[in-house]
Amino acid sequence: RSGLLEARLAPGGSLSDLFPGYEDRPAQRAMLAEVVRRYNEGGVALVEAGTGTGKSLAYLLPAAAWAVANGERTVVSTNTINLQEQLVGKDLPLLARAFAEGERCPTFALLKGWRNYVCLSRARLAHGGQASLLEPERQRELEALVAWTDRTADGSLADLPDAPSPEVWDEISAEIGRAHV
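Residues numbered from 1 in each chain as written. Predicted model: local features only at pLDDT ≥ 70, side-chain atom pairs only at ≥ 80, totals over all residues. Heavy atoms only, no water.

Draft legend 1. Fine view of the environment of Ala69. Note that Ala69 resides in helix H3 (residues 55-70). The spatial distance from the C-alpha of Ala69 to the C-alpha of Ser173 is 37 Å, given a sequence separation of 104 residues. (Helix = DSSP H or I, 4+ residues; strand = E, 2+ residues; numbered from the N terminus.)

As structure tokens, this is what we get:
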């Protein structure tokens, strides 16, 4: 199936048509072929490539094709939330459009570590005991964060207009292993 996927990235392929100013990248197609081999044969691959090579599409296209063909989920783990947001906001919607040619369309979701989300229960508990827990400035910050929980889209740090202080966020984050007192 490597050849079919490589054709999507090649000049005239379904992905090349979606990119204004498309540029053929043979290294990207070579990386894609290696990722396809690992999906089909198993094992691990270590690939190094410079910025602008097209690494994201070279691993996302085989991952999406595998998931669709096998009715399975696949996980892409990144080192940074910024890259996760790029994949979900730009690269994966592009792939979904490329798959929309009569094939089953892949779906995707973004999941960050627990520490990136508020725990509503912990926020209420912290707010109820704020006088004994925090300095007055941090109490005001906590009150603002509790009010934010009523209007946040996803309860994540990325949805906050300003980063909270670590002291206050430690009290209300959903991080596993934290004591719920």
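Draft legend 2. Geometry of the packing of helix H1 (residues 2-9) against helix H2 (residues 26-41). Between H1 and H2, the least distance of the axes is 9 Å, while the angle of their chain directions is 150 degrees. With respect to their mutual orientation, H1 and H2 come out roughly antiparallel. Crossing geometry of H1 relative to H2 is assigned as right-handed. Each of Ser2, Leu5, Glu6 and Leu9 in H1 lies in contact with H2, whose residues at this interface are Gln28, Arg29, Leu32, Ala33 and Val36. (Axes fitted to C-alpha atoms, helices over the stretch in contact; angles between N-to-C directions. Parallel < 35°, antiparallel > 145°, perpendicular 65-115°, else oblique. Left-handed = near helix turned anticlockwise from the far one by under 90°. Contact = heavy atoms within 4.5 Å.)

Draft legend 3. Expanded view of the nonpolar core. Grouped together as the largest cluster of nonpolar side chains are 19 residues, with contacts concentrated most on Leu5, Leu9, Leu15, Leu32, Leu61 and Leu95. Mapped by element, the contributors of at least two residues to this core are H1, H2, H3 and helix H4 (81-99). Within the second largest apolar cluster, 12 residues are counted, among which are Ala123, Trp148, Leu160 and Trp169. (Core = buried A, V, L, I, M, F, W, Y, C linked by side-chain atoms within 4.5 Å. Buried < 20%, exposed > 50% of the residue type's maximum accessible area, 1.4 Å probe, protein only.)

Draft legend 4. Highlighting the pattern of salt bridges. All told, the structure shown has 9 salt bridges when counted by the stated rule. Between Arg115 and Asp170 there is a salt bridge, and its shortest N-O distance comes to 2.6 Å. Highlighted residues: Arg115 in the loop between H4 and helix H5 (120-128) and Asp170 in helix H8 (residues 166-172), separated in sequence by 55 residues. On the accessibility criterion, Arg115 (29% relative accessible area) is partly exposed. A relative accessible area of 25% places Asp170 in the partly exposed class. Residue Glu167 is joined to Arg138 by a salt bridge in which the shortest nitrogen-to-oxygen separation is 3.4 Å. On the criterion of sequence distance, the pair formed by Glu167 in helix H8 and Arg138 in helix H7 (residues 136-148) is long-range, its members being 29 residues apart. Arg138 gets classed as partly exposed once you look at its relative accessible area, which sits at 24%. One network of salt bridges, in which partners are shared, links Glu34, Arg37, Arg38 and Glu41. (Salt bridge = Lys/Arg side-chain N within 4 Å of Asp/Glu carboxyl O.)

Draft legend 5. Molecular detail of the environment of Tyr59. Inspection of the secondary structure assignment puts Tyr59 in helix H3. A relative accessible area of 21% means that Tyr59 is categorised as partly exposed. The sequence separation of Tyr59 and Val76 amounts to 17 residues, and the corresponding C-alpha distance is 8.9 Å. Apart from the residues within four sequence positions on either side, Tyr59 is in contact with Met31, Val35, Val76, Leu83 and Leu87.

Draft legend 6. Spotlight on the packing of aromatic side chains. Counting across every chain of the model gives 2 aromatic pairs. Centre to centre, the rings of Tyr39 and Trp66 are 5.5 Å apart; their planes meet at 35 degrees, and the pair counts as tilted. With Tyr39 in helix H2 and Trp66 in helix H3, the pair connects residues that are 27 residues apart, well separated along the chain. On the accessibility criterion, Trp66 (25% relative accessible area) is partly exposed. (Phe/Tyr/Trp six-rings, centres within 6.5 Å; stacked < 30°, edge-to-face > 60°.)

Draft legend 7. Representation of H2 within the structure. Between its terminal C-alpha atoms H2 stretches 22 Å, which fits the 22 Å expected from 16 residues at 1.5 Å a residue. Of all the residues in H2, the buried ones are Gln28, Arg29, Met31, Leu32, Ala33, Val35 and Val36. Count one or two residues on from H2 and you reach Gly42, which has phi positive near 85 degrees. (Expected span 1.5 Å × (residues − 1).)

Draft legend 8. The arrangement of the layout of surface pockets in detail. Roughly 690 Å³ of volume is contained in the largest pocket. Contributing elements (two or more residues each) for the lining of the largest pocket: H3 and H4. Taken together, the residues of the lining of the largest pocket sort by class into 17 nonpolar, 6 polar and 3 charged. Here the second largest pocket defines a volume of roughly 410 Å³. Every residue lining the second largest pocket is counted, 20 residues in all, and those nearest its centre are Arg25, Gly52, Gly54, Lys55 and Lys90. (1 Å grid on protein atoms, 1.4 Å probe; cavity = no way out; pocket = protein on both sides within 12 Å on 5 of 7 lines; lining within 4 Å. Points joined across faces, edges and corners; volume = space filled by probe spheres on them. Nonpolar A, V, L, I, M, F, W, Y, C, P; charged D, E, K, R; others polar.)

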